[in-house]
Amino acid sequence: MELYLDTAQLDEVRAAHRWGVLRGVTTNPSHMAKAGVRDMRAHIQEICWIADVPTSTEVVTTDADEMVHQGREFATWSPNVVVKIPTIPAGLEAIAQITREPVTATCSGCAHFTDCPIRARHIAQGTMTRRPEVNATLIFATNQAILALAAGATYVSPFVGRLDAIGEDGVQLVADIAEVLQVQAEEGRIIAAALRHPMHVTQVAKAGAHIATMAYPLLLQMVEHPLTEKGLADFMADYERSKQA
Ligand code: E4P
């Protein structure tokens, strides 16, 4: 299972990237607001520069035509942009339209445009012009995932923790979507989102999620274990003692 960071904080993207585990970033309007982002394009391009991974960029409208307009614009910012669209009727309409026609990533306005190795790689691979990929977000039911994939989404994002919070079973939703994909031999990638604790990560991996997106503190929690801390402290103490012997 791939690990994504659910954030718009650049220092968190940098830190996770340094670990060598970061395979994508998901942003949303709340993350952008929290990070104090004023220039969305520059910010997304900076994430692309830091981590060079698929970066979900969410439309901020409920109107289908405007979603298409924004989504196709986002796709020009970087070849790494994945357009994030809410799973509502207007969203389905927008997914169908956005994924129909290719868009060229011009990377215009990017502070790292000159001699950018990421752009050079995509030019060499012929992937600067592509049909934009869509991450269908705010999924709380299997049928929403079925619809989003039918409309043309590449990714579907069930919000696990938010379902748990209303007394439903978020991990079971991931398992149900994974089962549908398997039984139908369908393409589509499940991004398990709104994860709240380390057990969620293990649970969605076992349930068939292709990707888990999480807040940076949860990524830190994944590596922490009191016995690791204690074992390391003991090893270091023994090492120091052996030097004095
Ligand atoms: C996923 O892509 C969303 O950005 C995210 O997981 C939102 O969930 P939360 O705000 O409930 O954590």
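Residues numbered from 1 in each chain as written. Predicted model: local features only at pLDDT ≥ 70, side-chain atom pairs only at ≥ 80, totals over all residues. Heavy atoms only, no water.

Trainee: Mind showing me how you'd approach the overall build of the protein chain here?
Mentor: For the protein chain, the helix and strand inventory stands at twelve helices and ten strands. At 20 Å, the protein chain has a C-alpha radius of gyration in line with the 18 Å of a compact globule built from 245 residues. In the protein chain, which comprises 245 residues, the share counted as buried stands at 48%. A total accessible area of about 12,300 Å² is found for the protein chain, and carbon and sulfur atoms account for 54% of it. For the protein chain, the centre of its 20 positive side-chain charges and the centre of its 28 negative side-chain charges are spaced 6 Å apart. (Helix = DSSP H or I, 4+ residues; strand = E, 2+ residues; numbered from the N terminus. Rg over C-alpha atoms; globule rule 2.2 N^0.38 Å. Buried < 20%, exposed > 50% of the residue type's maximum accessible area, 1.4 Å probe, protein only. Areas by Shrake-Rupley, 256 points an atom, 1.4 Å probe, with all protein chains shown as cover. Lys, Arg positive; Asp, Glu negative; His and termini not counted. Charge placed at Lys NZ, Arg CZ, Asp CG, Glu CD.)

Trainee: In this structure, what is going on with a nonpolar patch on the surface? I would like to understand it.
Mentor: Taken together, Leu232, Phe235, Met236 and Tyr239 make up a surface patch of nonpolar side chains, about 460 Å² in accessible area. With respect to the element layout, Leu232 can be found in helix 12 (residues 226–244). We classify Leu232 as partly exposed; its relative accessible area is 48%. (Patch = residues over 30% accessible without salt bridge, like charges linked within 9 Å, V, L, I, M, F, W, Y side chains within 5 Å. Salt bridge = Lys/Arg side-chain N within 4 Å of Asp/Glu carboxyl O.)

Trainee: Would you take a moment to explain the sheet that holds strand 10 (residues 211–214) for this structure?
Mentor: Pairing between the strands of a sheet comes from backbone hydrogen bonds, and it takes one of two forms, parallel or antiparallel. Around the barrel, which closes on itself, the eight strands sit in the order 1-2-3-4-7-8-9-10 with parallel pairing between neighbours. Strand-to-strand twist across the sheet, computed as the mean angle between neighbouring axes with direction ignored, equals 25 degrees. Bridging between strand 9 (residues 189–192) and strand 10 involves two bridges; their strand directions are parallel. For Ala192, the partnering residue across the bridge sits in strand 10 and is Ala212. The strands touched by helix 1 (residues 10–19) are strand 1 (2–6) and strand 2 (22–26); relative to strand 2, the strand with the most contacts, the crossing angle is about 160 degrees. The strands touched by helix 9 (residues 170–183) within the sheet are strand 7 (134–139), strand 8 (155–158) and strand 9, with strand 9 carrying the most contacts at an inclination of about 175 degrees. (Pairing = 2+ DSSP bridges. Axes fitted to C-alpha atoms, helices over the stretch in contact; angles between N-to-C directions. Contact = heavy atoms within 4.5 Å.)

Trainee: I would appreciate a short explanation of the pattern of salt bridges in the present structure.
Mentor: Opposite charge on two side chains lets them pair, provided their charged atoms get close. This model, assessed by the stated rule, comprises six salt bridges. Among the ionic pairs, Arg189 bridges to Glu2, the shortest N-O distance being 3.6 Å. In this pair, Arg189 sits in strand 9 while Glu2 sits in strand 1, placing the two residues 187 residues apart along the sequence. You can call Arg189 partly exposed: its relative accessible area is 27%. A salt bridge links Arg121 to Asp52, with the shortest nitrogen-to-oxygen separation between them at 2.6 Å. Remark: Asp52 occurs in the loop between helix 3 (40–51) and strand 3 (55–58) and Arg121 occurs in helix 6 (residues 117–125); sequence separation between them is 69 residues. What makes Arg121 partly exposed here is its relative accessible area of 32%.

Trainee: What is the right way to read the pairing of strand 4 (residues 81–86) from this model?
Mentor: Within strand 4, six of the six residues are buried, which leaves the element mostly enclosed by the surrounding structure. Strand direction decides the pairing type here: strand 3 and strand 4, joined by four bridges, are parallel. Considered in strand 4, the bridge of Ser56 is made with Val82. Across four bridges, the pairing between strand 4 and strand 7 is parallel. Following the sheet pairing, Lys84 is matched in strand 7 by Asn135.

Trainee: Explain the site of the ligand to me, please; I cannot follow it from the model alone.
Mentor: With respect to spatial proximity, the complete set of residues near the ligand consists of Asp6, Thr26, Asn28, His31, Lys84, Phe159, Arg162, Ala193, Ala194 and Arg196. Taking Asn28, its side chain carries an N or O atom lying 2.8 Å from an oxygen atom of the ligand. About the coverage of the ligand: the protein hides 86% of its 340 Å² of free accessible area. Considered class by class, the residues forming the shell around the ligand number three nonpolar, three polar and four charged. (Near = heavy atom within 4 Å. Polar contact = N/O pair within 3.5 Å; in protein donor to acceptor, adjacent residues only side chain to side chain. Nonpolar A, V, L, I, M, F, W, Y, C, P; charged D, E, K, R; others polar.)

Trainee: Is there a simple way to explain helix 3 in this structure?
Mentor: An ideal rise of 1.5 Å per residue puts 16 Å on twelve residues; helix 3 measures up with 17 Å between its terminal C-alpha atoms. Within the sequence span of helix 3, burial applies to His43, Ile44, Gln45, Ile47, Cys48, Ile50 and Ala51. Measuring from the side-chain oxygen of the N-cap residue of helix 3 to the backbone nitrogen of Arg41 gives 3.2 Å; that N-cap residue is Asp39. After helix 3 finishes, the residue Asp52 shows a positive phi value of roughly 50 degrees. (Expected span 1.5 Å × (residues − 1).)

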